[in-house]
Amino acid sequence: MIIVENIWKNFNDKQVLAGVDLKINDGETMVVLGKSGVGKSVLLRLILRLMDPDRGRITIDNKIIGTLQRREMNTIRLRFGMLFQSAALFDSMNIFDNVSIALRTLTKLTEIEIREKVDYCLNMVGLQGVEKLFPAELSGGMRKRVGLARAVAMDPAYLLYDEPTTGLDPVMTESIAQIIRKLQRELNVSSIVVTHDLQTAFTVADRMALLHEGQIQFQGTVDQIRNTDDIIVREFIRGYSRKHNLEMHQIDD
Ligand SMILES: Nc1ncnc2c1ncn2[C@@H]1O[C@H](COP(=O)(O)OP(=O)(O)O)[C@@H](O)[C@H]1O
Ligand SMILES: [Mg+2]
(Lines give C-alpha, C1' and ligand atoms only; values in the text may rest on other atoms or scores of the structure.)
(Ligands and ions follow the chains in the order given, each with its own letter.)
Protein backbone atom coordinates (compact mmCIF):
# COMPACT_ATOMS: atom_id res chain seq x y z
CA MET A 1 0.00 0.00 0.00
CA ILE A 2 1.14 3.53 -0.78
CA ILE A 3 -0.06 6.38 1.42
CA VAL A 4 0.69 9.96 0.47
CA GLU A 5 -0.06 12.43 3.26
CA ASN A 6 -0.07 16.21 3.11
CA ILE A 7 2.73 16.46 0.57
CA TRP A 8 4.04 19.91 -0.31
CA LYS A 9 6.59 20.71 -3.00
CA ASN A 10 7.78 24.08 -4.19
CA PHE A 11 10.22 24.92 -7.00
CA ASN A 12 11.77 28.37 -7.15
CA ASP A 13 8.81 29.96 -5.35
CA LYS A 14 6.31 28.07 -7.46
CA GLN A 15 4.07 26.03 -5.18
CA VAL A 16 3.47 22.90 -7.25
CA LEU A 17 2.04 20.53 -4.63
CA ALA A 18 0.22 22.03 -1.67
CA GLY A 19 -1.10 19.29 0.58
CA VAL A 20 -1.61 16.20 -1.56
CA ASP A 21 -3.33 13.24 0.10
CA LEU A 22 -3.71 9.98 -1.80
CA LYS A 23 -3.95 6.32 -0.91
CA ILE A 24 -3.33 3.45 -3.30
CA ASN A 25 -4.69 0.17 -2.01
CA ASP A 26 -3.12 -3.17 -2.76
CA GLY A 27 -4.11 -4.50 -6.15
CA GLU A 28 -5.85 -1.39 -7.38
CA THR A 29 -5.12 0.91 -10.27
CA MET A 30 -5.25 4.57 -9.36
CA VAL A 31 -5.27 7.05 -12.20
CA VAL A 32 -4.03 10.53 -11.39
CA LEU A 33 -5.48 13.01 -13.83
CA GLY A 34 -4.49 16.59 -14.26
CA LYS A 35 -3.51 19.20 -16.76
CA SER A 36 0.00 19.42 -18.09
CA GLY A 37 2.35 21.05 -15.58
CA VAL A 38 0.14 20.41 -12.55
CA GLY A 39 2.72 18.20 -10.81
CA LYS A 40 1.86 14.62 -11.77
CA SER A 41 5.40 13.59 -12.66
CA VAL A 42 6.70 15.31 -9.54
CA LEU A 43 4.31 13.19 -7.48
CA LEU A 44 5.72 10.00 -9.02
CA ARG A 45 9.28 11.16 -8.41
CA LEU A 46 8.43 11.85 -4.78
CA ILE A 47 6.97 8.35 -4.39
CA LEU A 48 10.21 6.86 -5.71
CA ARG A 49 12.09 9.35 -3.53
CA LEU A 50 14.01 10.66 -6.48
CA MET A 51 13.36 13.96 -4.73
CA ASP A 52 12.15 14.88 -1.25
CA PRO A 53 9.01 16.84 -0.38
CA ASP A 54 9.14 20.09 1.58
CA ARG A 55 6.50 18.76 3.95
CA GLY A 56 4.41 15.66 4.43
CA ARG A 57 5.15 11.98 4.32
CA ILE A 58 4.88 9.00 2.03
CA THR A 59 4.46 5.50 3.41
CA ILE A 60 5.17 2.44 1.29
CA ASP A 61 4.77 -1.08 2.65
CA ASN A 62 4.35 0.45 6.13
CA LYS A 63 7.64 2.32 5.91
CA ILE A 64 7.91 6.10 5.94
CA ILE A 65 10.29 6.50 3.03
CA GLY A 66 11.65 9.88 4.17
CA THR A 67 13.30 8.14 7.12
CA LEU A 68 14.93 5.29 5.20
CA GLN A 69 18.63 4.81 4.61
CA ARG A 70 19.75 4.59 1.02
CA ARG A 71 20.00 0.81 1.10
CA GLU A 72 16.48 0.34 2.48
CA MET A 73 15.13 2.80 -0.10
CA ASN A 74 16.83 0.88 -2.88
CA THR A 75 15.14 -2.29 -1.67
CA ILE A 76 11.78 -0.53 -1.89
CA ARG A 77 12.57 0.86 -5.33
CA LEU A 78 13.17 -2.68 -6.53
CA ARG A 79 9.49 -3.35 -5.86
CA PHE A 80 8.57 -0.77 -8.49
CA GLY A 81 8.31 -1.11 -12.23
CA MET A 82 8.24 2.17 -14.07
CA LEU A 83 7.14 3.18 -17.53
CA PHE A 84 8.41 6.64 -18.33
CA GLN A 85 6.87 9.03 -20.77
CA SER A 86 9.47 8.37 -23.43
CA ALA A 87 9.90 4.61 -23.19
CA ALA A 88 13.50 5.43 -22.15
CA LEU A 89 15.08 2.40 -23.80
CA PHE A 90 18.82 2.18 -24.28
CA ASP A 91 19.31 2.90 -27.98
CA SER A 92 22.62 1.03 -28.18
CA MET A 93 21.17 -2.17 -26.74
CA ASN A 94 18.94 -4.62 -28.53
CA ILE A 95 15.48 -5.42 -27.18
CA PHE A 96 16.61 -8.54 -25.35
CA ASP A 97 19.29 -6.61 -23.48
CA ASN A 98 16.91 -3.74 -22.76
CA VAL A 99 14.35 -6.05 -21.14
CA SER A 100 16.91 -8.22 -19.33
CA ILE A 101 19.29 -5.60 -17.98
CA ALA A 102 17.89 -5.56 -14.44
CA LEU A 103 17.56 -9.34 -14.36
CA ARG A 104 21.19 -9.66 -15.36
CA THR A 105 22.63 -7.04 -13.01
CA LEU A 106 20.39 -7.41 -9.96
CA THR A 107 19.42 -11.09 -9.78
CA LYS A 108 21.23 -14.39 -9.76
CA LEU A 109 19.09 -15.91 -12.50
CA THR A 110 20.88 -18.17 -14.96
CA GLU A 111 21.12 -17.30 -18.63
CA ILE A 112 18.38 -19.81 -19.43
CA GLU A 113 16.09 -18.39 -16.74
CA ILE A 114 16.71 -14.88 -18.03
CA ARG A 115 15.79 -15.98 -21.55
CA GLU A 116 12.59 -17.57 -20.31
CA LYS A 117 11.67 -14.49 -18.34
CA VAL A 118 12.32 -12.10 -21.23
CA ASP A 119 10.30 -14.34 -23.51
CA TYR A 120 7.43 -14.38 -21.00
CA CYS A 121 7.48 -10.59 -20.56
CA LEU A 122 7.58 -9.87 -24.28
CA ASN A 123 4.71 -12.30 -24.76
CA MET A 124 2.71 -10.49 -22.09
CA VAL A 125 2.85 -7.32 -24.15
CA GLY A 126 2.19 -9.09 -27.43
CA LEU A 127 5.67 -8.93 -28.92
CA GLN A 128 7.51 -11.82 -30.52
CA GLY A 129 10.70 -12.16 -32.51
CA VAL A 130 11.96 -8.67 -31.69
CA GLU A 131 14.77 -9.63 -29.30
CA LYS A 132 17.58 -8.89 -31.75
CA LEU A 133 16.16 -5.61 -33.02
CA PHE A 134 17.22 -2.20 -31.74
CA PRO A 135 14.79 0.44 -30.40
CA ALA A 136 15.24 2.61 -33.50
CA GLU A 137 13.87 -0.24 -35.62
CA LEU A 138 10.55 -0.28 -33.73
CA SER A 139 7.46 1.92 -33.94
CA GLY A 140 6.56 4.20 -31.03
CA GLY A 141 3.86 1.82 -29.87
CA MET A 142 6.22 -1.15 -29.97
CA ARG A 143 8.83 0.76 -27.98
CA LYS A 144 6.18 1.44 -25.34
CA ARG A 145 5.47 -2.27 -25.20
CA VAL A 146 9.15 -3.04 -24.74
CA GLY A 147 9.17 -0.47 -21.93
CA LEU A 148 6.23 -2.31 -20.37
CA ALA A 149 7.99 -5.67 -20.72
CA ARG A 150 11.01 -4.22 -19.00
CA ALA A 151 8.87 -2.69 -16.25
CA VAL A 152 7.38 -6.07 -15.34
CA ALA A 153 10.56 -8.15 -15.73
CA MET A 154 11.52 -7.87 -12.05
CA ASP A 155 8.07 -8.98 -10.79
CA PRO A 156 7.17 -5.59 -9.32
CA ALA A 157 4.55 -5.13 -6.64
CA TYR A 158 3.91 -1.63 -7.96
CA LEU A 159 3.79 -0.25 -11.46
CA LEU A 160 4.06 3.46 -12.12
CA TYR A 161 3.11 4.80 -15.51
CA ASP A 162 3.91 8.34 -16.55
CA GLU A 163 1.75 9.35 -19.52
CA PRO A 164 1.84 5.85 -21.03
CA THR A 165 -0.12 6.79 -24.13
CA THR A 166 0.98 10.34 -24.84
CA GLY A 167 2.04 10.81 -28.44
CA LEU A 168 0.35 7.64 -29.69
CA ASP A 169 -2.47 7.59 -32.20
CA PRO A 170 -5.95 6.51 -30.97
CA VAL A 171 -5.59 2.90 -32.12
CA MET A 172 -2.21 2.51 -30.47
CA THR A 173 -3.50 4.28 -27.36
CA GLU A 174 -6.33 1.80 -27.03
CA SER A 175 -3.97 -1.12 -27.53
CA ILE A 176 -1.51 0.09 -24.86
CA ALA A 177 -4.40 0.76 -22.48
CA GLN A 178 -5.64 -2.80 -22.99
CA ILE A 179 -2.17 -4.18 -22.28
CA ILE A 180 -2.01 -2.14 -19.09
CA ARG A 181 -5.32 -3.66 -18.01
CA LYS A 182 -4.08 -7.13 -18.82
CA LEU A 183 -0.93 -6.60 -16.77
CA GLN A 184 -2.96 -5.45 -13.76
CA ARG A 185 -5.19 -8.49 -13.98
CA GLU A 186 -2.52 -11.10 -14.56
CA LEU A 187 0.29 -9.78 -12.36
CA ASN A 188 -1.78 -8.65 -9.38
CA VAL A 189 0.12 -5.39 -9.04
CA SER A 190 -0.91 -2.04 -7.61
CA SER A 191 -0.55 0.74 -10.13
CA ILE A 192 -0.48 4.47 -10.44
CA VAL A 193 -1.18 5.77 -13.90
CA VAL A 194 -0.50 9.44 -14.41
CA THR A 195 -2.11 10.89 -17.50
CA HIS A 196 -4.04 13.75 -18.99
CA ASP A 197 -5.66 11.31 -21.41
CA LEU A 198 -9.19 10.55 -20.23
CA GLN A 199 -9.71 7.72 -22.67
CA THR A 200 -6.80 5.77 -21.20
CA ALA A 201 -7.92 6.75 -17.72
CA PHE A 202 -11.42 5.34 -18.14
CA THR A 203 -10.04 2.13 -19.63
CA VAL A 204 -7.54 1.29 -16.90
CA ALA A 205 -8.78 2.88 -13.67
CA ASP A 206 -10.27 1.30 -10.60
CA ARG A 207 -10.24 4.72 -9.00
CA MET A 208 -9.28 8.16 -10.25
CA ALA A 209 -8.02 11.32 -8.66
CA LEU A 210 -7.85 14.77 -10.18
CA LEU A 211 -4.80 16.83 -9.26
CA HIS A 212 -5.68 20.51 -9.48
CA GLU A 213 -3.82 23.54 -8.15
CA GLY A 214 -1.59 21.50 -5.89
CA GLN A 215 -4.22 19.30 -4.32
CA ILE A 216 -6.37 16.28 -5.03
CA GLN A 217 -9.55 18.02 -6.05
CA PHE A 218 -11.59 14.84 -6.26
CA GLN A 219 -11.14 11.12 -6.03
CA GLY A 220 -13.50 8.28 -6.63
CA THR A 221 -14.47 5.37 -8.80
CA VAL A 222 -14.89 5.73 -12.54
CA ASP A 223 -18.66 6.03 -12.08
CA GLN A 224 -18.32 8.58 -9.31
CA ILE A 225 -16.06 10.78 -11.39
CA ARG A 226 -18.39 10.51 -14.39
CA ASN A 227 -21.39 11.52 -12.33
CA THR A 228 -19.93 14.02 -9.93
CA ASP A 229 -21.28 17.53 -9.46
CA ASP A 230 -17.76 18.77 -8.74
CA ILE A 231 -17.45 21.73 -11.05
CA ILE A 232 -13.72 21.40 -11.64
CA VAL A 233 -13.96 17.71 -12.52
CA ARG A 234 -16.81 18.43 -14.89
CA GLU A 235 -14.86 21.23 -16.49
CA PHE A 236 -11.86 18.94 -16.92
CA ILE A 237 -13.97 16.24 -18.58
CA ARG A 238 -15.88 18.73 -20.69
CA GLY A 239 -12.70 20.41 -21.86
CA TYR A 240 -11.20 17.07 -22.81
CA SER A 241 -14.32 15.87 -24.59
CA ARG A 242 -14.59 19.07 -26.56
CA LYS A 243 -10.96 18.96 -27.59
CA HIS A 244 -11.23 15.36 -28.73
CA ASN A 245 -14.69 15.63 -30.17
CA LEU A 246 -16.01 12.95 -27.88
CA GLU A 247 -19.40 12.39 -26.43
CA MET A 248 -18.20 9.59 -24.23
CA HIS A 249 -19.37 11.22 -21.03
CA GLN A 250 -22.84 12.65 -21.04
CA ILE A 251 -22.65 15.88 -19.17
CA ASP A 252 -25.72 18.05 -18.88
CA ASP A 253 -25.17 21.73 -19.06
N1 LIG B 1 13.36 19.49 -10.93
C2 LIG B 1 12.57 20.56 -11.11
N3 LIG B 1 13.06 21.81 -10.94
C4 LIG B 1 12.26 22.89 -11.10
N5 LIG B 1 10.97 22.84 -11.44
C6 LIG B 1 10.43 21.62 -11.63
C7 LIG B 1 11.20 20.42 -11.48
N8 LIG B 1 10.39 19.36 -11.72
C9 LIG B 1 9.19 19.89 -12.02
N10 LIG B 1 9.20 21.23 -11.97
C11 LIG B 1 8.05 22.11 -12.22
O12 LIG B 1 6.96 21.59 -11.51
C13 LIG B 1 5.75 21.74 -12.26
C14 LIG B 1 5.06 20.40 -12.40
O15 LIG B 1 5.84 19.57 -13.25
P16 LIG B 1 5.40 18.11 -13.66
O17 LIG B 1 5.21 17.28 -12.45
O18 LIG B 1 6.41 17.65 -14.62
O19 LIG B 1 3.99 18.35 -14.36
P20 LIG B 1 3.06 17.27 -15.09
O21 LIG B 1 1.77 17.27 -14.35
O22 LIG B 1 2.88 17.77 -16.49
O23 LIG B 1 3.77 15.96 -15.04
C24 LIG B 1 6.15 22.37 -13.58
O25 LIG B 1 5.92 23.76 -13.48
C26 LIG B 1 7.63 22.10 -13.67
O27 LIG B 1 8.27 23.10 -14.39
MG1 LIG C 1 4.57 14.78 -16.52
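Scroll up for the structure.
Residues numbered from 1 in each chain as written. Chains lettered and ligands numbered in written order. Predicted model: local features only at pLDDT ≥ 70, side-chain atom pairs only at ≥ 80, totals over all residues.

Caption draft 1: Here's a closer look at the overall build of the protein. When helices and strands are counted, the protein shows 9 helices and 10 strands. The C-alpha radius of gyration computed for the protein amounts to 19 Å, which stays within 12% of the reference 18 Å derived for 253 residues, consistent with globular compactness. Counting the 253 residues in the protein, one finds 35% classified as buried. The contacts in the protein between residues at least 6 apart in sequence include a share of 64% that link residues at least 24 apart. (Helix = DSSP H or I, 4+ residues; strand = E, 2+ residues; numbered from the N terminus. Rg over C-alpha atoms; globule rule 2.2 N^0.38 Å. Buried ≥ 20, exposed ≤ 12 C-beta atoms within 10 Å, placed from the backbone. Contact = placed C-beta atoms within 7 Å.)

Caption draft 2: Main features of the sheet that holds strand β4 (residues 55–60). Spatial strand order, β2-β1-β4-β5: 4 strands in an open sheet with antiparallel pairing. Across the chains shown, the open sheet's two edge strands, defined by having one partner strand only, are β2 (14–24) and β5 (63–64). Where strand β1 (residues 2–11) lies against β4, 5 bridges are found, and the strand directions are antiparallel. In the sheet register, Trp8 faces β4, and the bridge partner there is Arg55. (Pairing = 2+ DSSP bridges.)

Caption draft 3: Just the nonpolar core, in detail. By size, the foremost hydrophobic cluster in this structure holds 62 residues, and its most contacted members are Val31, Val32, Leu33 and Ala149. Setting aside anything within four residues of it in sequence, one finds Leu33 in contact with Thr195, His196, Ala201, Met208, Ala209, Leu210, Leu211 and Phe236. (Core = buried A, V, L, I, M, F, W, Y, C linked by C-beta atoms within 7 Å.)

Caption draft 4: Quick look at unusual backbone geometry. The backbone phi angle of Asp155 is positive, close to 50 degrees, even though this residue is not glycine. Locating Asp155 in the fold gives a position in the loop between α5 (140–152) and β7 (158–162). C-beta crowding within 10 Å serves as the criterion here: with 14 such atoms nearby, Asp155 is assigned to the partly exposed category. One non-glycine residue, Glu213, adopts positive backbone phi at about 45 degrees. Position of Glu213 among the secondary structure elements: in the loop between β9 (207–212) and β10 (215–221). Residue class for Glu213 comes out partly exposed when judged on the 14 C-beta atoms lying within 10 Å of it.

Caption draft 5: Main features of the packing of helix α3 (residues 95–106) against α5. One way to put it is that α3 packs onto α5 with a least axis distance of 7 Å and a crossing angle of 25 degrees. If you check the angle between α3 and α5, you find them roughly parallel. With respect to the hand of their crossing, α3 and α5 are arranged in right-handed fashion. Of the residues in α5, those touching α3 at Ile95, Asn98 and Val99 are Val146, Ala149 and Arg150. When grouped by side-chain class, the residues that make up the contact of α3 with α5 number 4 nonpolar, 1 polar and 1 charged. (Axes fitted to C-alpha atoms, helices over the stretch in contact; angles between N-to-C directions. Parallel < 35°, antiparallel > 145°, perpendicular 65-115°, else oblique. Left-handed = near helix turned anticlockwise from the far one by under 90°. Nonpolar A, V, L, I, M, F, W, Y, C, P; charged D, E, K, R; others polar.)

Caption draft 6: Molecular detail of helix α6 (residues 170–187). The end-to-end C-alpha distance of α6, which contains 18 residues, comes to 26 Å, matching closely the 26 Å that a straight helix rising 1.5 Å per residue would cover. If you check which residues of α6 are buried, you get Thr173, Ile176, Ala177, Ile179, Ile180 and Leu183. Viewed along the axis of α6, the buried residues span an arc of 160 degrees, placing them on a single side of the element. Facing away from the buried side of α6 by more than 90 degrees, the exposed set consists of Pro170, Val171, Arg185 and Glu186. In the core, the buried residues of α6 are packed alongside α4 (111–124), α5, β7, β8 (190–195) and α7 (198–204). In the segment just after α6, Asn188 is the residue with positive phi, at about 55 degrees. (Expected span 1.5 Å × (residues − 1). Arc of directions from axis to C-beta.)

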